[in-house]
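# Report on the structure
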Amino acid sequence: EEVAKEADFVYSKRSKWQGDGDLHSFLNGFGSSASAKFPAHIPARTFSELWEEFKTEHEFPPEFQPSSFTDFEEENIQQLFLEKAKGQTIPFLDMALRNWLKGIGKPGRSHEEQWKNFAYVFDSLSNKKNKNNKFTLEKFLSGFVSNRNCKRQLAKELRKNLKLQKKLKYIARSYMPDVNESCALLLKANMTKGAYNIFWGDDGRMHRLAVPFKKIGKCRVMKKLFLKQALKVFRTEQGCHGTDLSDSVKLKIVQKHLQHKKKLLLIFNTDATVLGKSLGSDTKHTEVSITVLAPRSECDDSEEWNEIEACVRRALDAGTLMILPVGDNAKNMDFNFWKPYENPIISILKNGITIGDNNIEIQVFFRADLAGHYGLLDHGGVHDRSGKFCLHCEETAQAKKAGKFIFLSEIQQQDSISLREFCKRHRLFPSDIEMLHDIVRSACGNGDLALAEMIEGSDSGGGAHVEQLLSKCLEAGNQQELSTCLDNPDKPLPIGLVVPCLRLCKISRKSSHLQQADFPSLHFLYCALHLRLRFVNLLVNYIYEVAANQGKVAAVNRILQSFQVNMELKNDKDQQRQLSGKMCKRFMNALPQIIDLLISNEVTRQEWRTALDEWDHVITVLSCQYYDKITRADAEELPSRIRSFCVKIVKLIGDVKRLQSFYFHSLLIGHIGEQFEYLYKEFGVPLGLLSLSAIEKRHETMGRRCYKKAIAEINLYMSGKSTSDLHPDGQPDSKASRSFYTLMNLLLQSYNDETAEALFQHTVQNVDLAALRRSLDE
């Protein structure tokens, strides 16, 4: 009323309220010619002024001095104060609304229509990239919806007010999955068509929010047809289906927004899995997928690298390249993978990938489990045709069986190095040399034949030379000089001193494939996940043998049961048991108690505890998937710590037969430490980041589900009743149809979020979108 009076809106002489402010006329005057009587500026009263009036109307303690309305503890007092503040604000808000409508020539009839047009104030200014601009849609909505009264009103009215639901459906739809996302989410949620229709149809609200299944189905078929043509899906003679390598790599690079980088890593992932079992026969398939990531040096900042790390750890990050409806043995991989892909891989290695004007250098790696690497490198079993056992060096199966882990090195005149430099050259610590010397003395002095079998000379030609070195190593003078060097590691080693050492071999073997590109076997990656499992199972079998020899099988079983290890030892010394990942962790927790039970010598017990602590550190660093969590000191020392741990295990187990596994050979000989160091220094990539954990998870979350979703399509196609344009080329075949429909479902998951027309037009040429749409409509 005071504002109306100041604006010269007062009651006439005929009224009993003569001279008072006429609020009714004041409000009706907005937008009319009468508004000309409004003053250009009416000063608004501040909170302090309103508070002075408000506290006289209500009783408040004198010491209570609020700074804003939220200082009122009682909600009803807050509401009363807000009503008082509205009295001076609503008239100006109404005036602003009417002036805006008059300015744009859209006088609204209903209140809803007026506010609909008022929203253009925010829309017209929202594109201005000015941080100080308060009139943006984002700031308006985030502030308005976070208001307590607004949230209360939405929660109260939204579920029952159909009119409000219809108005808010646009906001809800933008937040809910769209048709493209729904194509993949239905498979991730493992939801059937019937279940989704019930979810969509039982509640009327879902009709306005969720996408109907018919639209999802049409979108899925459209995308699959699109992918089949864009990625040039082909079929091999054995019924396997794959995509064009160059187009798949380009699409994955653009999908991850890496097309502006100068160097990228391309990882080929191969892993076989059992899809299902029926009538005693296993249904297997092998998925070959690709992972693209940038080296750490190519990232603009640590945030970009952390995002790349997070992507690689996800099962959905890889893009499917090929599906083989068979296992991953050497014959299958040679015929179905290397034959169509070897030349394209060589081309990528030599020429890189060109996207737009940018040519990207590509470094290729392969990650697989041991069986997968055997398949890729033509190993028919534990060795290849030439008798080579190791993937990375010239170690033969016969040499592996001999188990010559320790060699005796005689210091020559040209060496002239200290013990510390000698250890650095051989990736060991001085304490390891002392332990190796103890092993040699125990083997020869105590007649331990098992340890004696592990020793060889510095040149592997002839036992006479080994006997001479052994004899010289055990001489009192040699032992005294070695003891002096151990006390002072920086002292030069005397000429003629015989020093025991652990074998070390660089990764030098060439790949049997990709020879034209001079591809190194160093790029066939070890899996830290399988390394952990295989070494723990090595310990399991050793512990079982010791327990059987001592007649303490039942006691060991009781300890395992107390740690919930689902495995029972039988009285069989040759029993071979394999534990899963979770059981391996529990077994390692139980191992200290088992060691205390089986080993009576306290010194040996302490050596086992030290070795297990060393293993825990080694496998933690090897398995770490975060670059920032690996300190530089740990990374530099890891190759030496791995071999130091192997020295302890050789001494404690002391049995060549128990130490012949591929992974222990790779640890002891230095291959795993060398590969870790290479990836860490050259590309800033931890070896653990490239383990198969994400690929193993991919089978569970995607591979088996995609196969099960394809069963209906497979059966319909094989029965000859399918009318869909989406079908494999060539003669109908059960294995071929299984690989094709599974591949298409996996491609839909791999590229679903990026199968927009713009992306394909950017990466893949000659895709007739209009023809695909017409074909789908027909």
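### A short note on the pattern of salt bridges
Applying the stated criterion across every chain yields a total of 28 salt bridges. Here K510 makes a salt bridge to D518, at a shortest N to O gap of 3.3 Å. The class of K510 is exposed, set by a relative accessible area of 51%. Salt bridges sharing common partners tie together D596, E602, R605 and R609.

### Some remarks on helix α5 (residues 111–118)
Here α5 has its buried residues at Q114, N117 and F118. All buried residues of α5 lie within an arc of 105° about the axis, which places them on one face of the element.

### Overview of unusual backbone geometry
With a phi close to 55°, R427 is a non-glycine residue in the positive phi region. Tracing the chain through its elements places R427 in the loop between α19 (419–425) and α20 (430–445). Its identity is not glycine, yet Q564 carries a phi of approximately 60°, on the positive side. Its place among the elements puts Q564 in the loop between α25 (553–562) and α26 (581–598). On the basis of relative accessibility, which here comes to 52%, the residue Q564 falls in the exposed class.

### Here's the deal with the confidence of the model for the protein
On average, residues of the protein carry a pLDDT of 83, and 88% of them reach 70 or more. The model gives residues 459–464 a pLDDT under 50, and that stretch makes one contact with residues more than four places away or in other chains. Segment residues 754–767: pLDDT under 50, and 31 contacts once partners within four positions in sequence are set aside and those in other chains are kept.

### With respect to a nonpolar patch on the surface
Side chains of L137, F140, L141, F144 and V145 sit close together on the surface and give an oily, nonpolar patch of about 410 Å² of accessible area. Mapping L137 onto the fold places it in helix α7 (residues 137–145). By relative accessible area, which is 44% here, L137 ends up partly exposed.

### A closer look at a positive patch on the surface
Side chains of K106, K116, K166 and K167 sit close together on the surface and give a patch of like positive charge. Structurally, K116 is set in helix α5. Under the relative-accessibility criterion, K116 is labelled exposed at 54%.

### Let's talk about empty space enclosed by the protein
Enumeration according to the criterion identifies four cavities of 30 Å³ or more in this entry. Computed from the structure, the largest cavity encloses a volume of approximately 90 Å³. Residue lining of the largest cavity: R427, L504, C505, K506, P639, I642, R643, L667, I669, G670, G673 and E674, and that is the complete set. Tallying contributions element by element places helix α28 (residues 632–653) first for the lining of the largest cavity, with three residues.

### Looking at the pairing of strand β7 (residues 358–367)
Counting buried positions over the ten residues of β7 gives seven, a clear majority of the element. Direction of pairing for strand β6 (residues 353–355) relative to β7: antiparallel, over a ladder of three bridges. Within β7, the residue paired with I355 across the bridge is N358. What sits between β6 and β7 in their antiparallel hairpin is a turn of two residues, with G356 showing a positive phi close to 65°.

### Things to note about the packing of helix α3 (residues 47–57) against helix α4 (residues 75–104)
Packing of α3 against α4 leaves a shortest axis separation of 11 Å and a crossing angle of 125°. In terms of axis orientation, α3 runs oblique to α4. Our pair here, α3 against α4, has a crossing hand that is right-handed. In this structure, α3 uses F47, L50, W51, E53, F54 and E57 to contact α4, whose residues at the interface are I77, L80, F81, K84, A85 and Q88.

### As for the nonpolar core
With 167 residues, the main nonpolar core has F268, F337, I345, F366, F587 and I594 as its most contacted residues. Counting residues per element, this core draws most heavily on helix α24 (residues 528–550), which supplies twelve residues. Contact partners of F337, with chain neighbours within four places excluded, come to F268, V288, M322, N332, E342, I345, F366 and L376. One finds C183, A210, V211 and C219 within the second-largest nonpolar core, a separate group that totals eleven residues.

### A word on the layout of surface pockets
Of the pockets and cavities examined, the largest pocket occupies roughly 2,200 Å³. As for the largest pocket, its lining consists of 43 residues, of which F140, L141, F144, L168 and I171 are closest to the centre. Mapped onto the lining of the largest pocket, the elements with two or more residues apiece are α4, α5, α6 (120–125), α7, α8 (148–157), α9 (162–175) and α12 (204–209). Looking at the lining of the largest pocket, the element that brings in the most residues is α9, giving ten residues. Here the lining of the largest pocket is built from residues that sort into 25 nonpolar, five polar and 13 charged.

### Points about α3
Listed as buried for α3 are F47, L50, W51 and F54. Along α3, the residues classed as buried sweep out an arc of 105° about the axis, all on the same side. Residues of α3 that are buried sit in contact with α4.

### Quick notes on the pairing of strand β10 (residues 498–502)
By the criterion of burial, β10 is predominantly enclosed, with five of the five residues buried. Burial of β10 is two-sided: the residues V498, P500 and L502 facing one way and the residues V499 and C501 facing the other way are all buried. Examined bridge by bridge, strand β8 (residues 406–410) and β10 share five bridges and lie antiparallel to one another. Within β10, the position partnered with I406 by the bridge is L502.

### What about the environment of I406?
With respect to the secondary-structure elements, I406 resides in strand β8. Linking I406 and V650, residues 244 residues apart in sequence, is a C-alpha distance of 9.5 Å.

The rules behind the values
Residues numbered from 1 in each chain as written. Predicted model: local features only at pLDDT ≥ 70, side-chain atom pairs only at ≥ 80, totals over all residues. Heavy atoms only, no water. Salt bridge = Lys/Arg side-chain N within 4 Å of Asp/Glu carboxyl O. Buried < 20%, exposed > 50% of the residue type's maximum accessible area, 1.4 Å probe, protein only. Helix = DSSP H or I, 4+ residues; strand = E, 2+ residues; numbered from the N terminus. Arc of directions from axis to C-beta. pLDDT = per-residue confidence, 0-100. Contact = heavy atoms within 4.5 Å. Patch = residues over 30% accessible without salt bridge, like charges linked within 9 Å, V, L, I, M, F, W, Y side chains within 5 Å. Areas by Shrake-Rupley, 256 points an atom, 1.4 Å probe, with all protein chains shown as cover. Lys, Arg positive; Asp, Glu negative; His and termini not counted. Charge placed at Lys NZ, Arg CZ, Asp CG, Glu CD. 1 Å grid on protein atoms, 1.4 Å probe; cavity = no way out; pocket = protein on both sides within 12 Å on 5 of 7 lines; lining within 4 Å. Points joined across faces, edges and corners; volume = space filled by probe spheres on them. Pairing = 2+ DSSP bridges. Axes fitted to C-alpha atoms, helices over the stretch in contact; angles between N-to-C directions. Parallel < 35°, antiparallel > 145°, perpendicular 65-115°, else oblique. Left-handed = near helix turned anticlockwise from the far one by under 90°. Core = buried A, V, L, I, M, F, W, Y, C linked by side-chain atoms within 4.5 Å. Nonpolar A, V, L, I, M, F, W, Y, C, P; charged D, E, K, R; others polar.

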